[in-house]
Amino acid sequence: MELTGTDLNYLHVCPRKLWLFRHGIRLEHESDLVQLGALLGETSFSREEKEIPIGEAGVLDWADFKDGVIHETKHGEAPGGGDEAQVRYYLYYLNARGIRASRAILHYPGKRKTVTVEWDEAALRQVESDRDACERLLAGPLPAAIRRSYCRRCAYEELCFL
């Protein structure tokens, strides 16, 4: 099963959201936060080439391949380390295909913050563990809904907590 960076992000944020998303229930297009994030991505770092597709894995916000650095711009930090999991997977995907990518930089313009994720042996082990967890989760039944503080901002909230 080919996974995406979004899948690994959702695994860390909410396994139920990942299961619903991968089973064809896509509610993000209705989310104001998702639309705000897309606008932020379009307007930030305007001199950079944007939206670089990388096969099945997803789309990079932008990259500096000569230096081996990929960049993602986010509206807010995903809980549970989801953003880091997403870019680790992009690094994994690129390196597995012979494209040198040594680190990812997560940009949070609203917070004036950046987070650097290095590609190393520990990152590889984490991606392999996340991939296994995704495959087990997606092969099983729908996980139970667990109310978390950030659920109120999720496009799936009404589906989980009617």
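One can find the structure itself at the top, above this paragraph.
Conventions used here
Residues numbered from 1 in each chain as written. Predicted model: local features only at pLDDT ≥ 70, side-chain atom pairs only at ≥ 80, totals over all residues. Heavy atoms only, no water. Helix = DSSP H or I, 4+ residues; strand = E, 2+ residues; numbered from the N terminus. Buried < 20%, exposed > 50% of the residue type's maximum accessible area, 1.4 Å probe, protein only. Lys, Arg positive; Asp, Glu negative; His and termini not counted. Salt bridge = Lys/Arg side-chain N within 4 Å of Asp/Glu carboxyl O. Contact = heavy atoms within 4.5 Å. Axes fitted to C-alpha atoms, helices over the stretch in contact; angles between N-to-C directions. Parallel < 35°, antiparallel > 145°, perpendicular 65-115°, else oblique. Nonpolar A, V, L, I, M, F, W, Y, C, P; charged D, E, K, R; others polar.

**Let's talk about the side chain of Asp83**
Item 1. For Asp83, the location among the structural elements is in helix 4 (residues 82–96).
Item 2. Lys74 is the oppositely charged side chain nearest to the buried, salt-bridge-free Asp83, at an N-O distance of 4.1 Å.
Item 3. Setting aside anything within four residues of it in sequence, one finds Asp83 in contact with Asn9, Lys74, Gly76, Glu77, Ala78, Leu106 and Tyr108.

**Looking at unusual backbone geometry**
Item 1. Phi is positive for Arg112, close to 55°, though the residue is something other than glycine.
Item 2. Among the secondary structure elements, Arg112 is positioned in the loop between strand 5 (103–108) and strand 6 (113–118).
Item 3. Arg112 gets classed as exposed once you look at its relative accessible area, which sits at 80%.

**Description of the packing of helix 1 (residues 5–13) against helix 5 (residues 121–139)**
Item 1. It is the contact of helix 1 with helix 5, at a shortest axis distance of 10 Å, that shows an interaxial angle of 80°. By the criterion of interaxial angle, the relationship of helix 1 to helix 5 is roughly perpendicular. Contact residues: helix 1 offers Asp7, Leu8, Leu11 and His12, while helix 5 offers Gln126, Asp130, Ala133 and Cys134.
Item 2. Counted by class, the contact of helix 1 with helix 5 contains four nonpolar, two polar and two charged residues.

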